[in-house]
Amino acid sequence: MFEGSYLGNDQRLADDARLECGICWWEYDPAAGDELGQVPPGTPFARLPEHWTCPNCDAPKHKFLVVNDA
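Residues numbered from 1 in each chain as written. Predicted model: local features only at pLDDT ≥ 70, side-chain atom pairs only at ≥ 80, totals over all residues. Heavy atoms only, no water.

### A few points about the overall build of the protein chain
Here comes step 1: In terms of helices and strands, the protein chain carries zero helices and three strands.
Here comes step 2: If you list the helices and strands of the protein chain from N to C, you get β-β-β.
Here comes step 3: With 70 residues in all, the protein chain has 33% of them scored as buried.
Here comes step 4: For the protein chain, long-range pairs separated by at least 24 residues make up 51% of all intrachain contacts whose partners lie at least 6 apart in sequence.
Here comes step 5: Just so you have it, the protein chain exposes about 4,600 Å², and 49% of that area is on carbon and sulfur atoms. (Helix = DSSP H or I, 4+ residues; strand = E, 2+ residues; numbered from the N terminus. Buried < 20%, exposed > 50% of the residue type's maximum accessible area, 1.4 Å probe, protein only. Contact = heavy atoms within 4.5 Å. Areas by Shrake-Rupley, 256 points an atom, 1.4 Å probe, with all protein chains shown as cover.)

### Regarding the packing of aromatic side chains
Here comes step 1: Tallied over the entire structure, the rule returns seven aromatic pairs.
Here comes step 2: Aromatic side chains Trp26 and Tyr28 sit 6.3 Å apart centroid to centroid with 45 degrees between the ring planes, which places their arrangement in the tilted category.
Here comes step 3: Connected via pairs of aromatic rings, a cluster forms that spans Trp26, Tyr28, Phe45, Trp52 and Phe64.
Here comes step 4: The residue whose ring lies beneath Lys61 is Phe45, and the NZ or CZ to ring-centre distance is 5.6 Å. (Phe/Tyr/Trp six-rings, centres within 6.5 Å; stacked < 30°, edge-to-face > 60°. Lys NZ or Arg CZ within 6 Å of the ring centre and 35° of its normal.)

### What about the side chain of Asp34?
Here comes step 1: Within the element layout of this structure, Asp34 appears in the loop between strand S2 (27-28) and strand S3 (64-66).
Here comes step 2: Of the side chains with opposite charge, Lys61 comes closest to the buried, unpaired Asp34, at an N-O distance of 11 Å.
Here comes step 3: Excluding residues within four positions of it along the chain, Asp34 makes contact with Tyr28, Val39, Trp52 and Pro55. (Lys, Arg positive; Asp, Glu negative; His and termini not counted. Salt bridge = Lys/Arg side-chain N within 4 Å of Asp/Glu carboxyl O.)

### Description of the pattern of salt bridges
Here comes step 1: Evaluated as defined, the whole model comprises two salt bridges.
Here comes step 2: Between Arg18 and Glu27 there is a salt bridge, with the nearest N and O atoms lying 2.6 Å from each other.
Here comes step 3: On the basis of relative accessible area, Glu27 is assigned to the partly exposed category, the value being 30%.

### Some details on the sheet that holds S3
Here comes step 1: Pairing is antiparallel across the open sheet formed by three strands, whose spatial order is S2-S1-S3. Each having just a single partner strand, S2 and S3 make up the two edges of the open sheet.
Here comes step 2: Two strands pair when backbone bridges link them, and strand S1 (residues 19-21) and S2 are joined in this way by two bridges, in the antiparallel orientation. Bridge pairing in S2 links Leu19 to Tyr28. (Pairing = 2+ DSSP bridges.)

As structure tokens, then:
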């Protein structure tokens, strides 16, 4: 398991947490939402629909990693 792995645990995420796809590195930013997936800006990753997948490579939510700003 990678440090920062999401692994489907919504309780580990802050509402403003950005997550990055572990397959293609596309980043989900809650402030921007996901226009392609019809997710409005301001939607936290933990509140994305269960069927939501990465808009770039179709990876499921549990493949995303938390982005740690250093």
